Amino acid sequence: MPVPGVWHRGVVEPADVPVASDPVLRDPAHRVSRRAVVMWTFQALVVLAVLLAGQVVWWLVDDAPSRTPHWVVGAVWLVAGAAYAVAMPQWRYRVHRWEATPRAIYTQSGWLWQERRIAPLGRVQTVDLERGPVAQLLGLAAVTVTTASAAGPVTIHGLDLPVARELVEALTAAAVAETGDAT
Amino acid sequence: MNEESAPGELREPADDTDGWRRLDARMLLVHPLETLIRFLPALLALVIFRAGSDQNDRWELYAVPLIVAFGVLRWVTTRYRITAGQIELRRGLFTKQTTTARLDKVRTIDLTAQVHHRLLGLAKVEISTAGGGHDRLVLDSLSVDAGRRLRAELLHRVDPAVTGLPAPTGAPVPADAVPGDAPPPVDDEVLVRLDPSWIRYAPLTVTGLASAAAIVGFASQGFSRFSQERSVFRDGASFVSRLSWWLDVLLLLGVVSLLAVGAYVLTFWGFRLTRNRLGTLHTRRGLLTNRETSIDAARVRGIRLDEPLGLRLAGARRLKVVTSGLLREQGGSDWLCPPAPAGVVTPLALRIRPDEAAVSGPLTPHGPAARRRRMTRALVPATLVAAGLVVARVLWDWHGSLLVLVPMLFVGAVALGRDRYGALGHAVTPDHLVSRHGSLDRQRVVLDRDGIIGWKVEQSFFQRRVGVATLVATTAAGAQHYDVVDVPVEMAYAVLARVSPELSAEFS
């Protein structure tokens, strides 16, 4: 569960920045909301529904007398899809973490492909809070921080709404404090 | 800003109150011409259709006054001005559209003159500002001189009193005194000028080959359409097919090389890179379409040295600039030097980024895991193709000589894998992050450290298993991100810690 308060550490002055002996960064401090698992499961079910629709269309259109190919193909994607719907959300939940300090934002996301992103707040251009329909039902929100680079938006999915609101406020305040054109 | 200082004798086209300026009146000719070219296929179809009927109504002529009126309207309604640190462009009759851009956001300025522009002494001015794609102001067209003056106003807006530099462009030059192919002002240093002998590198680049292939493809389509009807084509085709295969190959190589040379000449003829005393880089190139690009030095975030396989074997390189504000379609970078000998390109790179270690120094290799991954990636497709050939031989009785390809495939794959591993490397210098990768398209990117605005550390499932990662530096310039590929995880974080120590300390 996210600890109360978005900033977890005080300001580190540049003068006392040590270059750590082990430079590998630790995990970001906070996990996302547990309910994100439900959201990701729902997303997986949407994918399965699309596949099912394709299967039904094929069943209706196909004139061949044998229905064996249908059952084989259906069984294959059903097994793979079920594994996906069960494993992916749990896996994601274990990977997804985030942390924000007055200087920078740091996230970890993905499942098969994982990535960590770091953006200094001095380079932040916009801070967005998004809530899809499912996220709204679950009381979740996603926070996106964009920089001047088209390759660098940092998104944290599946945050508790109050946490997300607090984060957006803190990030906006920090970004406003910085000047320059952020390129 | 300083257009007030430009005296009246500069013959501003239709300068009216409040500093509003119009496009050049000669654009009235350009517009109908461009419309005509755009609708040429439709017109041809119409003419062919008309030939079959005895109808005599030339109704398409009614379109001519409309097109002309549209052009006049565009000329009347389009105005631009520079005022209070902004450039404003106003367009439209019913829906007035005003685009403004802050002058300190102007990144690059392009002057493009296609053949019909050049005949009329015109140029299209494109001003790109921060944010890339949609933030562009296009003035189609100004006279070449007005375009150059506008460019000088926009790029040299720095107040000389502030910088302590003398006025950047010297005394105002009357427009008539600027001939079409004016030499650069004396205080601009010429960094590189095209040597016609460099054209020999044209067939060695993928771009050259691709443009040649496109032309060949296009021609062969037309060829197959005519070959049934015209005996010349039929005789030619049968002549070619009677030749022995190696002559065919030679013929093909010759044609492709010629076309690549043609493309090179069209693109790079008269190439010249200059730098003025404010550091603005300025290129000019093109045989038929003349293109001038000016890049504000403050927007340059690094350089990219390209060493594609063909050029590398011939001892040649080419150079691009990494800058914010250029079009994404151009890959966000523009030429600083066309394919040229390494002995020209490396010193040039050093003059733009004087950092010997970054431009030509040795790089840290990425180790055995990265080597294995390069080999896997080269050998797996080769194995699949080889298996396909064997299966085809067994099942469908393909010609046995095709099996000769199998060992060639593997030799080629191993060579490619080794070469790709040889390219992998990175370096951190006091000012730059350097990354190199690729074989057929090898490139060495020298990125300014203060141009890096964020980091990503990406790991696929297989990368995690062997303990490597791809370190991505994000930037507002060029390709928006530059990657250090398959570097051991600890090394990736060490690079991050060296380049951005305060970020690394925050989370370690």
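Residues numbered from 1 in each chain as written. Chains lettered and ligands numbered in written order. Predicted model: local features only at pLDDT ≥ 70, side-chain atom pairs only at ≥ 80, totals over all residues.

## Some details on the overall build of chain A
Phase 1: Per the secondary structure count, chain A includes four helices and seven strands.
Phase 2: Each helix and strand of chain A, ordered N terminal to C terminal, gives the series β-α-α-β-β-β-β-α-β-β-α.
Phase 3: When contacts within chain A are restricted to residue pairs at least 6 apart in sequence, those whose partners lie at least 24 apart make up 61%. (Helix = DSSP H or I, 4+ residues; strand = E, 2+ residues; numbered from the N terminus. Contact = placed C-beta atoms within 7 Å.)

## Focus on the environment of Val-24 of chain A
Phase 1: For Val-24 of chain A, the location among the structural elements is in the segment before β1 (30–31).
Phase 2: Exposure remark for Val-24 of chain A: the 15 C-beta atoms within 10 Å place this residue in the partly exposed category.
Phase 3: When residues no more than four places from it in sequence are discounted, the contact partners of Val-24 of chain A are Val-489, Glu-490 and Tyr-493 of chain B. (Buried ≥ 20, exposed ≤ 12 C-beta atoms within 10 Å, placed from the backbone.)

## Some details on the confidence of the model for chain B
All names here are of chain B.
Phase 1: Counting all residues, the mean pLDDT for chain B is 80, and 80% of those residues have values of 70 or more.
Phase 2: Predicted confidence in chain B is weakest over helix α6 (residues 160–163), with a mean pLDDT of 39, and strongest over strand β16 (residues 432–437), with 95.
Phase 3: The model gives residues 158–180 a pLDDT under 50, and that stretch makes 25 contacts with residues more than four places away or in other chains.
Phase 4: Note on the complex model: pTM 0.78, ipTM 0.83. (pLDDT = per-residue confidence, 0-100.)

## Examining the environment of Asp-334 of chain B
Phase 1: Within the secondary structure, Asp-334 of chain B sits in strand β14 (residues 333–341).
Phase 2: With 39 residues separating them in the primary sequence, Asp-334 of chain B and Ile-295 of chain B have C-alpha atoms 9.4 Å apart.

## Notes on the interface of chain B and chain A
Phase 1: Counting residues at the interface gives 29 residues for chain B and 33 residues for chain A.
Phase 2: Of all the secondary structure elements, the ones that give two or more residues to the side of chain B that touches chain A are β18 (452–459), β19 (468–475), α16 (489–499) and α17 (501–506) of chain B.
Phase 3: At seven residues, β18 of chain B tops the list of elements feeding residues into the side of chain B that touches chain A.
Phase 4: A breakdown of the residues in the side of chain B that touches chain A according to their chemical character gives 14 nonpolar, 10 polar and five charged.
Phase 5: Sheet analysis places strand β4 (residues 114–120) of chain A next to β18 of chain B, joined by five bridges and oriented antiparallel. Residue pairing in the sheet places Arg-116 of chain A in a bridge with Val-457 of chain B of β18 of chain B. (Nonpolar A, V, L, I, M, F, W, Y, C, P; charged D, E, K, R; others polar. Pairing = 2+ DSSP bridges.)

## Concerning the sheet that holds strand β5 (residues 106–113) of chain B
Residue and element names in this part refer to chain B.
Phase 1: In space, the seven strands of this open sheet follow the order β7-β6-β5-β11-β10-β9-β8, with antiparallel pairing throughout. Edge strands, defined here as strands with exactly one partner in the open sheet, are β7 (136–143) and β8 (189–193). With strand direction ignored, the average angle separating the axes of adjacent strands in the sheet is 15°.
Phase 2: One ladder, built from six bridges, connects β5 with strand β11 (residues 290–295); its direction is antiparallel. Note on β11: the bridge partner recorded for Ala-113 is Asn-290. (Axes fitted to C-alpha atoms, helices over the stretch in contact; angles between N-to-C directions.)

## Re the confidence of the model for chain A
Residue and element names in this part refer to chain A.
Phase 1: For chain A, per-residue confidence averages 83 on the pLDDT scale, and 84% of positions sit at 70 or higher.
Phase 2: The least confident element of chain A is helix α4 (residues 161–177), whose mean pLDDT is 86; the most confident is strand β2 (residues 97–100), at 93.
Phase 3: Low pLDDT (under 50) marks residues 1–5, which in the prediction has six contacts with non-local residues, meaning those over four places away or in another chain.

## Overview of the domain arrangement of chain A
Residues and elements named next belong to chain A.
Phase 1: Splitting chain A by domain gives domain 1 (37–92) and domain 2 (97–177).
Phase 2: Placing a centre on the C-alpha atoms of domain 1 and another on those of domain 2 gives a separation of 32 Å.
Phase 3: Listed per partner, the contact involves six residues of domain 1 and six residues of domain 2.
Phase 4: Among the secondary structure elements, those contributing two or more residues to the side of domain 1 that touches domain 2 are α1 (36–61) and α2 (68–95).
Phase 5: Partitioning the side of domain 1 that touches domain 2 into residue classes produces five nonpolar, no polar and one charged. (Domains from an automatic or database assignment.)

## Some remarks on the sheet that holds β1 of chain A
Phase 1: The strand order across the open sheet formed by seven strands is β1(A)-β2(A)-β3(A)-β4(A)-β18(B)-β19(B)-β20(B), and the pairing between neighbours is antiparallel. With one partner strand each, in any of the chains shown, β1 of chain A together with β20 (481–488) of chain B form the two edges of the open sheet.
Phase 2: Examined bridge by bridge, β18 of chain B and β19 of chain B share six bridges and lie antiparallel to one another. Pairing of Lys-456 of chain B across the sheet is with Val-472 of chain B, part of β19 of chain B.

## Details of unusual backbone geometry
Residue and element names in this part refer to chain B.
Phase 1: In this chain, Asp-140 is followed by Ser-141 through a cis amide linkage whose omega measures 5°.
Phase 2: For Ser-141, the location among the structural elements is in strand β7.
Phase 3: Here the phi dihedral of Gln-480 falls at roughly 75°; this positive angle occurs in a residue that is not glycine.
Phase 4: A tally of 20 C-beta atoms within 10 Å means that Gln-480 is categorised as buried.
Phase 5: In this structure, Asp-486 is a non-glycine residue whose phi angle is positive, near 50°.

## So, the pairing of strand β4 (residues 97–102) of chain B
Residues and elements named next belong to chain B.
Phase 1: Looking at chain direction, strand β3 (residues 86–91) and β4 are connected through six bridges and run antiparallel. Bridging from a neighbouring strand, Glu-88 pairs with Thr-100 of β4.
Phase 2: The antiparallel hairpin formed by β3 and β4 contains five residues in its connecting segment, where Gly-92 sits at a positive phi of about 95°.

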